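Structural overview
Each chain, written out:
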Amino acid sequence: MTRANGGRPSDQAPKNSAFPSAAAPYAWLLAFFMAPLLVSLAISLTHAVDGVPPYSNPLDWRALNLDNYRSILGDNLYVLALWNSVRIAATTSLLCLALGYPMAYAMALEPPHRRHLLLMAIILPFFTSSLIRTFAMINLLKETGLINQALASLGLIDPAHPPSILYTDAAVQIGMVYNYLPFMILPLYANLVKIDWSLAEAARDLGAPPRQAFLRIVLPLSWPGILSGLLLVFIPACGEYVVPTLLGGQNYVMLGTQLANEFFQNRDWPTASAVAILLLAILVAPLLLLQALARRLEAAS
Amino acid sequence: MIRVEGLTKNFDDGVAVAGVDLAIARNEFFAILGGSGSGKTTLLRLIAGFERPDRGRILIDGVDMTDAPPHRRPVNMMFQSYALFPHMSVTRNVEFGLRQEGVRGADLRRRTEEALDLVAMRDYAERKPHQLSGGQKQRVALARAIVKRPKVLLLDEPLSALDRKLREQTQLHLTEVQKKTGVTFVVVTHDQDEAMTLASKVAVMNQGRIEQVDTPRALYAQPINRFVAGFIGATNLMPAEASGEGFLGEGVAGFLVAPAALAGAGPFWVSIRPENIAISARNAHLPRSNAENGRVESLSYYGDHTVYFVRAEGGALLRAALFNAAHAAPAFHVGDDVTLAWPPEAVTVLRS
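Quick caveat: nothing in here was measured; it's all calculated off a predicted structure.

1. Topic: the overall build of chain A
Across its full length, chain A holds 13 helices and zero strands. Its helices and strands in sequence order give chain A the pattern α-α-α-α-α-α-α-α-α-α-α-α-α, from N to C terminus. Computed over the C-alpha atoms, the radius of gyration of chain A is 25 Å, more than 25% above the 19 Å expected from 2.2 N^0.38 for a compact globule of 301 residues. Summarising its shape, the C-alpha atoms of chain A cover approximately 85 × 65 × 35 Å along the three principal directions. Here chain A holds 301 residues, and 30% of them are scored as buried. A separation of at least 24 residues holds for 70% of the contacts in chain A among residues at least 6 apart in sequence.

2. Re the interface of chain A and chain B
Contacts between chain A and chain B engage 17 residues on the former and 16 residues on the latter. At the level of elements, α8 (198–205) and α9 (210–221) of chain A are the ones that each hand at least two residues to the side of chain A that touches chain B. Take the side of chain A that touches chain B: its biggest share by element is six residues, from α8 of chain A. In the side of chain A that touches chain B, the residues fall into nine nonpolar, four polar and four charged.

3. Describing the pairing of strand β19 (residues 337–341) of chain B
Residue and element names in this part refer to chain B. Only one face of β19 is covered, namely the one carrying Val-338 and Leu-340; the face carrying Asp-337, Thr-339 and Ala-341 has none of its residues buried. In this sheet, β19 lies alongside strand β15 (residues 278–281) in antiparallel orientation, the contact comprising four bridges. Bridge pairing in β19 places Ala-281 opposite Val-338. Of the strand pairs in this sheet, strand β16 (residues 291–301) and β19 are connected by five bridges, and their pairing is antiparallel. Residue Glu-292 lies in a different strand from β19, and its bridge partner there is Leu-340.

4. Topic: the nonpolar core
One recurring pattern in soluble globular proteins is that nonpolar side chains are buried together. By size, the foremost hydrophobic cluster in this structure holds 98 residues, and its most contacted members are Ala-31, Ile-32, Ile-47, Ala-143, Leu-153, Leu-154 and Val-270 of chain B. Take this core: its biggest share by element is six residues, from helix α4 (residues 134–146) of chain B. Composition of this core by domain shows at least three residues from each of domain 1 (2–226) and domain 2 (234–350) of chain B. Listed in part, the 49 residues of the second largest apolar core include Ala-104, Met-137, Leu-188 and Leu-279 of chain A.

5. Regarding the confidence of the model for chain B
On average, chain B scores 89 in pLDDT, and the residues at 70 or more come to 98%. The ipTM, which scores confidence in the relative placement of chains, is 0.83 for this predicted complex, and the corresponding pTM is 0.80.

6. What about the sheet that holds strand β8 (residues 184–189) of chain B?
The pairing of strands in a sheet happens through backbone hydrogen bonds and is either parallel or antiparallel. Residue and element names in this part refer to chain B. Strand order in the open sheet formed by six strands is β6-β7-β8-β3-β9-β10, and the pairing between neighbours is mixed. Lying at the two open borders of the sheet, with one neighbouring strand each, are β6 (75–78) and β10 (209–214). In this sheet, neighbouring strand axes are inclined to one another by 20° on average, regardless of whether the strands run parallel or antiparallel. Note: strand β3 (residues 29–34) against β8, five bridges, orientation parallel. Residue pairing in the sheet places Ile-32 in a bridge with Val-188 of β8.

7. A closer look at the domain arrangement of chain B
Each assigned domain of chain B is listed here: domain 1 (2–226) and domain 2 (234–350). When each unit is reduced to the centre of its C-alpha atoms, the spacing between domain 1 of chain B and domain 2 of chain B is 40 Å.

8. Considerations on the pairing of strand β14 (residues 268–272) of chain B
Residue and element names in this part refer to chain B. With five of its five residues buried, β14 lies for the most part within the structure. As paired elements, strand β11 (residues 236–243) and β14 share five bridges and run antiparallel to each other. Bridge pairing links Met-238 to Val-270 in β14. Relative to strand β20 (residues 347–350), β14 is paired through four bridges, and the arrangement is antiparallel. When the bridges of β20 are listed, Trp-269 appears paired with Leu-350.

9. What about the packing of helix α2 (residues 90–100) of chain B against helix α3 (residues 105–118) of chain B?
All names here are of chain B. Packing of α2 against α3 leaves a shortest axis separation of 10 Å and a crossing angle of 125°. In terms of their interaxial angle, α2 and α3 are classed as oblique. Crossing of α2 over α3 shows right-handed handedness. Across the interface between the two elements, Thr-91, Val-94, Glu-95, Leu-98 and Arg-99 of α2 pack against Leu-108, Arg-111, Thr-112, Ala-115 and Leu-116 of α3.

10. A short note on helix α3 (residues 76–109) of chain A
When the terminal C-alpha atoms of α3 of chain A are compared, their 49 Å separation across 34 residues agrees well with the 50 Å that a helix rising 1.5 Å per residue should span. Of all the bends in α3 of chain A, the greatest reaches close to 30° and is centred on Gly-100 of chain A; the proline Pro-102 of chain A follows between one and four positions later.

11. A few points about the sheet that holds strand β17 (residues 305–312) of chain B
Residues and elements named next belong to chain B. In spatial order, the strands read β15-β19-β16-β17-β18; together these five strands make up an open sheet with antiparallel pairing. This sheet does not close on itself; its edge strands, each paired only once, are β15 and β18 (317–323). Neighbour to neighbour, the strand axes of the sheet diverge by 45° on average, direction disregarded.

12. Structural notes on the environment of Ser-280 of chain B
Residues and elements named next belong to chain B. Here Ser-280 shows up in strand β15. Assessed through the 13 C-beta atoms surrounding it within 10 Å, Ser-280 is described here as partly exposed. Spatially, the C-alpha atoms of Ser-280 and Asn-293 are 9.8 Å apart, while their sequence positions differ by 13 residues. The contacts of Ser-280, once residues within four sequence positions are left out, are Val-338 and Thr-339.

The rules we used
- Residues numbered from 1 in each chain as written.
- Chains lettered and ligands numbered in written order.
- Predicted model: local features only at pLDDT ≥ 70, side-chain atom pairs only at ≥ 80, totals over all residues.
- Helix = DSSP H or I, 4+ residues; strand = E, 2+ residues; numbered from the N terminus.
- Rg over C-alpha atoms; globule rule 2.2 N^0.38 Å.
- Buried ≥ 20, exposed ≤ 12 C-beta atoms within 10 Å, placed from the backbone.
- Contact = placed C-beta atoms within 7 Å.
- Nonpolar A, V, L, I, M, F, W, Y, C, P; charged D, E, K, R; others polar.
- Pairing = 2+ DSSP bridges.
- Core = buried A, V, L, I, M, F, W, Y, C linked by C-beta atoms within 7 Å.
- Domains from an automatic or database assignment.
- pLDDT = per-residue confidence, 0-100.
- Axes fitted to C-alpha atoms, helices over the stretch in contact; angles between N-to-C directions.
- Parallel < 35°, antiparallel > 145°, perpendicular 65-115°, else oblique.
- Left-handed = near helix turned anticlockwise from the far one by under 90°.
- Expected span 1.5 Å × (residues − 1).
- Bend = angle between axes of the 7 residues up to and from the residue.

Put into structure tokens, the structure is as follows:
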């Protein structure tokens with residue numbers, strides 16, 4: 001019964017069957033993430049040509065260079081797009097946290113049967129495409145929209161000169177927070193609902209007023225949920241395309257809108273690829289930072 | 001020390017505490033004993049301030065605490081789950097209550113160390129809760145709850161999470177800490193052994209009410225009703241009616257004679273503890289009272305004693321406990337014809 005006689009099917013079978021299941025996630029990542037990423041990276045180093053495909057041969061490595069990156073970073077429009085993306089994504093993350101934390105907290109304190117109902121209510125908007133929901137927001141935010149009509153009927157604004165929210169920074173901000181709030185609430189809720197509430201009671205019992213019990217016990221224990229919520233909002237918000245396009249108007253630039261512009265309007269795939277790679281680089285930095293933070297918190301608790 | 005007057009708490013799904021009156025003396029080791037759903041935990045949470053009563057008052061040291069929030073009560077609690085803060089070290093956990101009081105510096109350090117010494121956990125001061133065993137967690141929870149020297153320490157099922165061996169050791173430890181600190185301990189438990197061995201006084205709770213408050217010995221020997229008699233220890237309980245020479249018990253042929261006659265009409269119940277029933281080989285001359293012939297129907301061997309379940313001639317199934325001699329096999333076997341007999345003192349007559 002030694003291994004030397006090898007190849008016995010009964011010995012080999014479990015080993016073989018274990019291999020593909022462990023490798024599956026890596027194969028998936030390789031095929032659907034790393035490979036397209038490498039293609040984009042290669043294209044970002046070529047230059048645009050008229051033809052199919054609309055870029056020079058990426059295998060001709062002597063013609064590859066960083067010109068696209070240089071021109072993007074030297075272009076004020078792109079710098080503005082970059083700034084807008086990071087700024088809007090950051091404020092969106094923080095606003096979602098400020099709105100989402102109390103909501104998730106209240107949900108976690110509800111009895112289980114009501115929790116499911118509330119969870120359903122949070123998820124329900126996803127049943128409609130975000131494109132349609134954002135279109136609907138136009139009707140709320142435009143000059144003759146429902147919000148202004150309501151304000152006018154209350155006599156709070158002059159109907160002849162209604163203030164315009166649509167096609168401003170505020171409109172984009174409202175649309176973003178609306179769209180991304182569930183991405184903050186869900187991880188926060190999942191975290192808060194697992195917290196042992198007798199810990200908060202123990203803090204109260206030991207003399208902590210409610211505020212102290214929250215700050216010293218509940219908040220530190222909900223850090224993991226806060227971090228995942230911030231990541232889940234910040235990352236997709238950085239590359240957002242629909243909201244700035246519909247609510248920000250023609251001239252509102254973010255990286256997502258510029259990327260689409262280069263691809264579809266200008267047919268400049270190399271520049272578009274360079275934008276995509278830059279966006280990824282911007283996202284990796286906070287991701288690594290927060291991961292390190294999360295690991296430290298985990299080690300601490 | 002603690003006075004509870006007419007305390008009532010209703011929940012959506014029924015009454016949890018129904019008009020409880022209770023007085024707990026200073027320095028007492030008091031136990032509230034009851035089954036699940038008896039309202040004992042709600043009573044404890046009312047005293048701690050986690051629940052507001054619908055009616056009634058709670059006075060601690062003469063001060064009305066009924067509406068005081070938990071952090072303003074001179075009461076600390078040891079939670080059943082221990083509720084140690086997972087993100088803080090043992091020291092930080094114990095310090096928490098003192099820091100809330102504004103204790104700092106050398107005073108903070110000294111008092112924290114004293115509390116850790118009391119539970120012999122000083123060597124583990126820098127550990128996190130997840131690095132501790134169940135028994136160690138229990139001791140840290142005790143240190144954290146007692147470090148502020150509360151007037152009253154509430155303990156919610158303090159031993160239920162420990163294994164049997166550790167439980168006995170921890171019982172002794174709890175008694176010792178209570179004596180050393182002089183703090184009034186109120187322990188809530190469903191385990192009658194725990195209540196009897198720990199406490200100097202026990203309140204038996206049932207369906208939101210207190211059935212009886214007494215010393216462990218009195219509860220066992222003089223239960224005031226069927227519930228207490230059946231809840232504390234095992235017993236033979238049967239309905240009975242008064243008759244000329246004593247009582248006639250249901251399913252028992254002979255008369256039952258108690259040490260003192262009870263006036264008035266029934267209904268009565270009679271309780272006889274298994275260890276007070278002597279079991280012997282069938283006696284040809286059966287006395288007219290406090291004895292019964294029967295046949296062993298089954299038996300349970302416990303090592304130190306054996307419990308015999310004997311079908312009496314009147315039909316009742318009586319349980320009798322007999323100590324086993326050293327290394328001896330049980331004296332009787334299933335199917336043996338036996339005679340059971342007990343002294344009048346063993347017969348407790350209950351009115352309800």
